[in-house]
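# A closer look at the structure
Each chain is listed here by its residues.
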Amino acid sequence: PVALAGRASDAPPPATSSPTARPVHVAMAIGRYSHKSMTALGFRPWRDALVAECRARAARDNSTCHDFYPLPNGANALHAVAWYARATFCLQPPGDTVARAAIADAVSVGCIPVLLHPAQLRLWPWHWDASSASVFENFTNVGARNA
C-alpha cells in the first residue's frame, strides 16, 4: 500500500488529446483523516472502505478508479480539479459534514458527483437539483452497502 500523502499519483493527470476525454471512471478526493467530527459522525469507515475498494480496483485496472489526497493548505487543489475533469464519476463521501466543496468542484468540470448520504441530496436547493444532476448511493443503509 502507498501512503496517502506524497504519492506520485497525486500529481496532475497527464493531458489528453481531447478536452472531452474521460479516461478515468471514478475519482475521489479524500482529505485529512484526523478530523474528530468525521469519526464521531461515523463517516470514517465509509471513507476507509471507499479508499480500499478504489485502490483494489486501480491495482487491477488503472483507469477504473483514482483516489488522491488534497493537501490541507489547498496547495494541490488544481490537481484535484484536474483529476475530476478526467473522471466520469466523482465520489463524495461526507467528512466533517455532509456538504463538501468537492461536490461543486466536480460539477464545475463535468464530473458526475456520487452522493452517499441522503442529506447531500438537499444541499444548495436554490443552486442545483441534486436528484437530477448526480448519482445517489445510500451508504446509510449498512446492510446494502457495497463499496
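Scoring rules and cut-offs
Residues numbered from 1 in each chain as written. Predicted model: local features only at pLDDT ≥ 70, side-chain atom pairs only at ≥ 80, totals over all residues. Heavy atoms only, no water. Buried < 20%, exposed > 50% of the residue type's maximum accessible area, 1.4 Å probe, protein only. Helix = DSSP H or I, 4+ residues; strand = E, 2+ residues; numbered from the N terminus. Arc of directions from axis to C-beta. Contact = heavy atoms within 4.5 Å. Core = buried A, V, L, I, M, F, W, Y, C linked by side-chain atoms within 4.5 Å. Pairing = 2+ DSSP bridges. Axes fitted to C-alpha atoms, helices over the stretch in contact; angles between N-to-C directions. pLDDT = per-residue confidence, 0-100. Salt bridge = Lys/Arg side-chain N within 4 Å of Asp/Glu carboxyl O.

### Focus: helix 3 (residues 77-86)
Every buried residue belonging to helix 3 is among Ala80, Trp83, Tyr84 and Arg86, and all of these are buried. End-on view of helix 3: buried residues confined to an arc of 165°, all on one side of the axis. Buried residues along helix 3 sit against strand 1 (24-29), strand 2 (65-68), strand 3 (87-92) and helix 4 (101-108).

### Some words on the environment of Ile30
You can see Ile30 is positioned in the loop between strand 1 and helix 1 (36-40). With 50 residues separating them in the primary sequence, Ile30 and Ala80 have C-alpha atoms 10.0 Å apart.

### A few points about the nonpolar core
Met28, Leu50, Leu91 and Leu116 are the most contacted members of the largest nonpolar core, which has 21 residues in total. Sorting the residues of this core by element identifies strand 1, helix 2 (44-60) and strand 4 (112-115) as the ones contributing at least two each. Per element, the largest residue contribution to this core is 4 residues, and it comes from helix 2. Among the nonpolar cores identified, the runner-up in size contains 12 residues, and Trp83, Tyr84, Ala106 and Cys111 belong to it.

### Concerning the sheet that holds strand 4
Strand order in the open sheet formed by 5 strands is 2-1-3-4-5, with parallel pairing between adjacent strands. The open sheet has two free edges, formed respectively by strand 2 and strand 5 (135-136), since each of these has just one partner strand. Relative to the sheet, helix 4 contacts strand 3 and strand 4, its axis offset from that of strand 3 by approximately 170°.

### Overview of the confidence of the model for the chain
Of the residues in the chain, 74% reach a pLDDT of 70 or more, and the chain-wide mean stands at 76. Put simply, helix 1 is where the chain has its lowest mean pLDDT, 73, and strand 4 is where it has its highest, 94. Considering only residues more than four positions removed or in separate chains, one finds that residues 1-10, a stretch of pLDDT under 50, has 20 contacts.

### Considering helix 4
Restricting attention to buried positions, one finds in helix 4 the residues Ala102, Ile103 and Ala106. Along the axis of helix 4, the buried positions cluster into a sector of 110°, meaning they face one direction only. Opposite the packed face of helix 4, turned more than 90 degrees from it, sit the exposed residues Ala101 and Ser108. Trailing helix 4 by a residue or two, Gly110 shows a phi angle of about 85°, which is positive.

### With respect to the pairing of strand 1
Within strand 1, 5 of the 6 residues are buried, which leaves it mostly tucked inside the rest of the structure. Taken together, the 4 bridges between strand 1 and strand 2 define a ladder with parallel strand orientation. Counterpart to Ala29 in the pairing with strand 2 is Phe68.

### A word on the pattern of salt bridges
In total, this model carries 2 salt bridges according to the counting rule given. For Arg44, the salt bridge goes to Asp48, with nearest N and O atoms at 3.6 Å. One end of the pair, Arg44, and the other, Asp48, are both in helix 2, 4 residues apart, so they sit about a helical turn from each other. Under the relative-accessibility criterion, Arg44 is labelled partly exposed at 31%. With a relative accessible area of 34%, Asp48 lands in the partly exposed category.

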